[in-house]
Amino acid sequence: MRDNTFARSFKLVPEVYRPFFFASLIALLGTGIRMIGPQLISRGIDNGVMKFDYQYLLQQCLIYFFTLVALYFVTSKALLSIGLVGESYVKRIREKLFRHMSSLDINYFEKNKTGVLVARMTSDMQSLNEFAREGASSILTSLLTIFGATIAVFLVDVQLSLLSFLILPLLGIATRIFRNHADKTYWSVREWIGQVLSSLQEGISGVRIIQAYSDETKQLKRFKEVNNEHLKANMQSAKNIAIYFPFLEITRVTSIAVVIWFGAARIKSGSLTVGELVALLFYLNYFFDPLIQLSFNYDILRSAGSSMKKVFSILDEEPMLSKTGDLSPEIDSGRVIEFKNVDFSYGRETVLHDVSFSINRGEKIAIVGETGAGKSTIAKLILRFYLPTKGDVQFYEESSKDISQKWARKNIAYVPQESFLFRGSIRENLVYSNPDKINLQSELENIGLIDWFERYENGLDQDVGERGANVSAGERQFIALLRAVLAKRQIIVFDEATANLDIESESSILDATDTLLAYQTSIVIAHRLETILNAEKILVMSEGKLVGFDNHKNLLSNNKIYQQLFSAWNLVN
Amino acid sequence: MFKVFKTPEFKKAISFFIEGIKENKKSFFISNASALLWCFLVILQPYLIKRIIDDGIVANNERSVIVFISFMVLAGYTRAMSIGIRRYFSMDVSYNVEAGIRNRIFTHMQKLAFNYHDQVPTGDLMARASSDASQVRLAFAIAPLASANIFLLLILSGTLLSLSLPLGSIVLLSIPMVLWLASNFSSKAMGVSLKVKEAEAKMTTEVEEQLGGIRVVKAFGNEEHASNKVENAVQNIYDSSLDYLKLRTRFVPLFELIPMVITLAVLLLGGYLTINEYLSLGEFIAFTQYVFLLIWPLRITAWFLSEIPSSVAAGNRILELLNEIPTITDDETPNELPVDGNGSLKFSDVSFKYGNEKIFDNLNLEIKGKKTVAIVGSTGSGKSTLAYLLPRLYEIESGSIEIDGVNITNLRLSDLRSNVSLAFEESFLFSNTARENISLGLEDASQEEVEDAALIARAHEFISQLPESYETKVGERGYGLSGGQRQRVALARAILRKPRVLILDDALSAVDASTEEEIRNELNQVMSNMTTLIITNRVPTIELCDEVVFLENGKVKAQGKHHDLMESVDTYKSLFLENQTSEI
Ligand SMILES: Nc1ncnc2c1ncn2[C@@H]1O[C@H](COP(=O)(O)OP(=O)(O)O)[C@@H](O)[C@H]1O
Ligand SMILES: Nc1ncnc2c1ncn2[C@@H]1O[C@H](COP(=O)(O)OP(=O)(O)O)[C@@H](O)[C@H]1O
Ligand SMILES: [Mg+2]
Ligand SMILES: [Mg+2]
């Protein structure tokens, strides 16, 4: 499983293979040059200083100086190219990850909080970056140094080398144990950082409510709890390291002691020289130093591995809806939408029961019913955000299962109950559906709404703020509505999209819809009598069932539930 | 020469870091002490080996061999322990500092008023609390090791000086060299790494926004557009990171080079001195041995110094947020609301602006206690703004607002806000349970009270049908509920606190007419005990109110009964024009 993550991570971004290879070569070159230095120094001392030959010393120093200059350029280049590999890797992963996230079905976003997903794009990438920056290059050089040192040690004396390496299996076991613990704790570190960010995100986006209700202390307490869990997970990882790292050091000391002990005996018996022993000790350091460096990187690697596992858990999520179906139905037949015995459930109880109706081209339909009756659910099924649990939803007599996601998006516009605007100007928001094609000025003049925007200091260029917070809720709705209308889709669904508007603004936008698209089929969910009376036919929902579908007059005369609603409207009149 | 270290940014960040150390004194001390111990044991090792070989093996003294090997093993094991201890406690400091920063950011951000949050995107604040805080952590993680190494460096330099004055001074030169390099690097790197941090914040903002609006993105089939926006932001990170990388790779190898250059200089000068017999050969060899010992500490120090600029830049970004002064705070000598007050309201000459945009211009309004008043006006006329001003969510520019004769600026914020309860136009639910959402801001609300409020808001019925009833989590922003259900939860929340003044800002817009009627009837009883402001454009609701306040052009245009206003005020009447024509 471990190898799987590692190999997959590598395979995910083939673009970096070549640069990685070259960067490694350069890094190797640097290591090679670095090795020359001590050689020159010891020669300088042995043959220069010891023999009182200053000329020779100068010569060696000059060469040393040149290697230093070379070393500077090579290391600098090596660091740069390995850094580049890391940055490009993280960049590609980010791009892939977000692209994939945005392609997932709506219900994925219902199960996963925004903050957690943001953590995957930020904090997890940081831990990857750390590995890419520090780890990748030194692992290679470390491994090579260890390899070289092992050979050197064996060349000096086989028996002592074997003895000194006897302790290594122990190290292997320790590393294994460490790995298991590290994987578990890093996974929970990643898990909790997601929770921290999502708690933070909620605390920020809900700050207005929190302040209005003086809920600061409780919120902080909740945040602190999550934050503390993250801290605990981090400290657990610190504990793992604090036990594992000393273990390495102990191995090192023990094996040096073993070598000296047996070496001393061998020297006594004359089968080893002091010089050989010194050399052996020297090379053992060359063996252990990179090993310690390696274990350091190993830790970063485990952390990055956990992040990658998180990334894969998202990448492995299959977008259902955009994959199924590739039909694009013809737009001429009469029946635009047809629900055939539709049942639907969000995963809990069934919220639509056996709903059947059909809507013809150009019809203006209103949906009424109590809250929670399933009106928005119908809208979302029309939008193909979900597929029905049972029965069938058809567009132009093709099942929504077979219809391509793209077709649905190009032909259906939807104004959700909660109007969401993007940061930027009103203009940018209005042309959202097709920034290059929409000629906003002339469209607005055409439908006579250009004046509406004169209320702002900067007109259409007024900034709306995050989620549209810097305009009033009604204005926000107006902009969101107009955005959908300007998309000029065949079918348009308004989900209580005029609830916060005054009646004047509402009727002006509904008029605009009519002007803009003559044969547009519109479905309006609303609670205000004025809005509903504009519709040709009214769909009455009650507790997930369709209880009436007719025009106002007929419903008023023969539909109990509708009569009740109407009497509520006319209560005072 | 070392100007960077004297810049205000640098100083601020350092004093911020010192605060972090102070909060974790004990762990910081332990980690530093064990780092020091480690350093000394590292130096001891070659010495012990030398003794084993010279006094033991070469001198053929088995006892010495045993003694010194035991010493070496003991020292080695102690060193191993010190590594573990240092690691653990330096992480303890750094993680605690990081968590502390997060808590502080969260706390502080809650104190900043609406006008701040109108300007600063969520993602930006998140970036400060996540990636910037982690960057600061890094400095703390390395600090103990670095400070021990710097100490070691000083001691070694002293030893070297005592061994040979000229050679020692050459070695000492390395210290200003490293500092000079570091300051040079820092002055360049701070700006660049700030850019990296800003680019990261921009991306966080972009991702947070696109994911938050994913329903809109998908409804328009604009996934491609969203990805492109995020990719642009990612590209910006990449570009600025490359700039930083280029700078770093120019400097960092120089840091590494310093010890080597010093060895070179020692070799040249020392060799010269030895050859000309100013120095004995033994002294020279010993000296070079010590110079080798310098390499490692110098490297660590350089590494530490090269990480500093990023941490300073990140620290400054965090400080920027923490130093933002909350504009709306408690009065120093707060007044109390009169116990027998009935919630009368008085706005005198209130002016208010959002930025440059004037919303209210000397608005005057008086509302008697326990009345139910409809606030009516066209979209954007300032109804919601009026609602925000009462609980002091925005500060007015001039004039005064009084509740029961007490100016709201003289009240404790928590008092004011528990007495003025506002149900927002857009009901925001937390991903908590239904019960926690209703009892927001109240520590001690009983289940019974919660259910009572839910009953009035007609939320009890559907909540009790949820899988875990009141303990069901409602999903992010309450997206697991229908719009009207969300609004009713929010309404219950507003009622539960039994405020003196209740403001319903279009709080029933997603509720169907018959449920609204039921709620209205229930509310009638509650409302008779408090002043209620209802912002709405539904005629039946307006007609039920004692009076109507009609807002136009930043002023109260008219106040009175609905029927009277319909007759006397043309612009008021035209608000309901559609209503008239479509009457059947
Ligand atoms: N995303 C969701 N997950 C689970 N349940 C949901 C979700 N959205 C709505 N519901 C439930 O489905 C039912 C119908 O909701 P909806 O169609 O939104 O009603 P409305 O008629 O008010 O628009 C409600 O009981 C609601 O609680
Ligand atoms: N946070 C804000 N920043 C800047 N302008 C705002 C902000 N909130 C509202 N506005 C503007 O102030 C005016 C009044 O808004 P509001 O009180 O929400 O109106 P409404 O009467 O519809 O509730 C509107 O023109 C709106 O664009
Ligand atoms: Mg709905
Ligand atoms: Mg409003």
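Residues numbered from 1 in each chain as written. Chains lettered and ligands numbered in written order. Predicted model: local features only at pLDDT ≥ 70, side-chain atom pairs only at ≥ 80, totals over all residues. Heavy atoms only, no water.

S.K.: Before we go on, may I ask you to explain the overall build of chain A in this structure?
M.R.: What chain A contains, in helices and strands, is 20 helices and 10 strands. Structurally, chain A occupies a C-alpha span of about 120 × 55 × 50 Å along its principal axes. Within the span of chain A, comprising 573 residues, buried residues form 59% of the whole. In chain A, of all internal contacts separated by at least 6 residues, the share reaching a separation of at least 24 is 75%. (Helix = DSSP H or I, 4+ residues; strand = E, 2+ residues; numbered from the N terminus. Buried < 20%, exposed > 50% of the residue type's maximum accessible area, 1.4 Å probe, protein only. Contact = heavy atoms within 4.5 Å.)

S.K.: Explain the coordination of the magnesium ion (ligand 4) to me, please; I cannot follow it from the model alone.
M.R.: All names here are of chain B. Distances from the magnesium ion (ligand 4) to its protein donors, S384 (OG), E425 (OE) and E425 (OE), fall within 2.0 to 2.7 Å. Residue S384 is located in helix α10 (residues 383-389), and its partner E425 is located in the loop between β6 (420-423) and α12 (434-438); the two are separated by 41 residues in the primary sequence. The class of S384 is buried, set by a relative accessible area of 12%. (Donors = N, O, S within 2.8 Å, 3.2 Å for Na, K, Ca; no water.)

S.K.: Could you clarify how one ought to interpret the interface of chain B and chain A in this entry?
M.R.: Where interface size is quoted, it is often the accessible area lost as the parts come together. Counting from both sides, the interface comprises 174 residues of chain B and, opposite them, 161 residues of chain A. Summed over both sides, the interface of chain B with chain A buries roughly 15600 Å², with 63% coming from carbon and sulfur. Inspection of the chain B/chain A interface yields 9 salt bridges. Here R423 of chain A ties to E209 of chain B by a salt bridge, and the two come within 3.1 Å at their closest N and O atoms. In this structure, the connection of chain B to chain A is made through 38 residue pairs in polar contact (both at pLDDT 80 or more). Its residues assigned to classes, the side of chain B that touches chain A comprises 78 nonpolar, 53 polar and 43 charged. (Buried area = accessible area lost by both parts, 1.4 Å probe. Salt bridge = Lys/Arg side-chain N within 4 Å of Asp/Glu carboxyl O. Polar contact = N/O pair within 3.5 Å; in protein donor to acceptor, adjacent residues only side chain to side chain. Nonpolar A, V, L, I, M, F, W, Y, C, P; charged D, E, K, R; others polar.)

S.K.: Mind showing me how you'd approach the sheet that holds strand β5 (residues 406-407) of chain B here?
M.R.: Strand pairing within a sheet occurs via backbone hydrogen bonds; the two strands may be parallel or antiparallel. All names here are of chain B. Strands sit in the order β2-β1-β4-β5 across an open sheet of 4 strands; the sheet is antiparallel. The open sheet has two edge strands with one neighbour each: β2 (357-367) and β5. Relative to β5, strand β4 (residues 398-403) runs antiparallel, the two sharing 2 bridges. Its bridge partner lying in β5, E402 is registered against N407. (Pairing = 2+ DSSP bridges.)

S.K.: Just to check I follow, could you spell out the coordination of the magnesium ion (ligand 3) for this structure?
M.R.: Six octahedral donors around a metal ideally make angles of 90 or 180 degrees; four tetrahedral donors ideally make 109.5 degrees. Residues and elements named next belong to chain A. Ligation of the magnesium ion (ligand 3) by protein atoms is provided by S376 (OG) and Q417 (OE1), these donors lying 2.0 to 2.7 Å from the ion. In this pair, S376 sits in helix α12 (residues 375-382) while Q417 sits in the loop between β6 (412-415) and α14 (426-430), placing the two residues 41 residues apart along the sequence. Q417 sits in the buried class, given a relative accessible area of 13%.

S.K.: Could you clarify how one ought to interpret unusual backbone geometry in this entry?
M.R.: Excluding glycine, a negative phi dihedral is what most residues carry, and trans is how most peptide bonds are arranged. Residues and elements named next belong to chain A. In this model, S214 sits at a positive phi of 40°, which is unusual for a non-glycine residue. In this structure, R384 is a non-glycine residue whose phi angle is positive, near 65°. Within the secondary structure layout, R384 lies in the loop between α12 and β4 (390-395). With relative accessibility at 0%, the residue R384 sits in the buried group.

S.K.: How do you make sense of the packing of aromatic side chains when you look at a structure like this?
M.R.: Within a pair of aromatic rings, the relevant descriptors are the distance that separates the centres and the angle that separates the planes. Per the stated rule, a full pass over the model turns up 41 aromatic pairs over all chains. Relative to F549 of chain A, the ring of F357 of chain A has its centre 5.9 Å away and its plane inclined at 70°; by these criteria the two rings are edge-to-face. Linking F357 of chain A in strand β2 (residues 350-360) with F549 of chain A in strand β10 (residues 545-550), this pair joins segments that are 192 residues apart in sequence. For F549 of chain A, a relative accessible area of 22% puts it in the partly exposed group. Ring geometry for F68 of chain B against F71 of chain B: centres 6.5 Å apart, planes inclined by 40°, an arrangement best described as tilted. With F68 of chain B and F71 of chain B both in helix α3 (residues 62-111) and 3 residues apart, the pair spans about one turn of that helix. (Phe/Tyr/Trp six-rings, centres within 6.5 Å; stacked < 30°, edge-to-face > 60°.)

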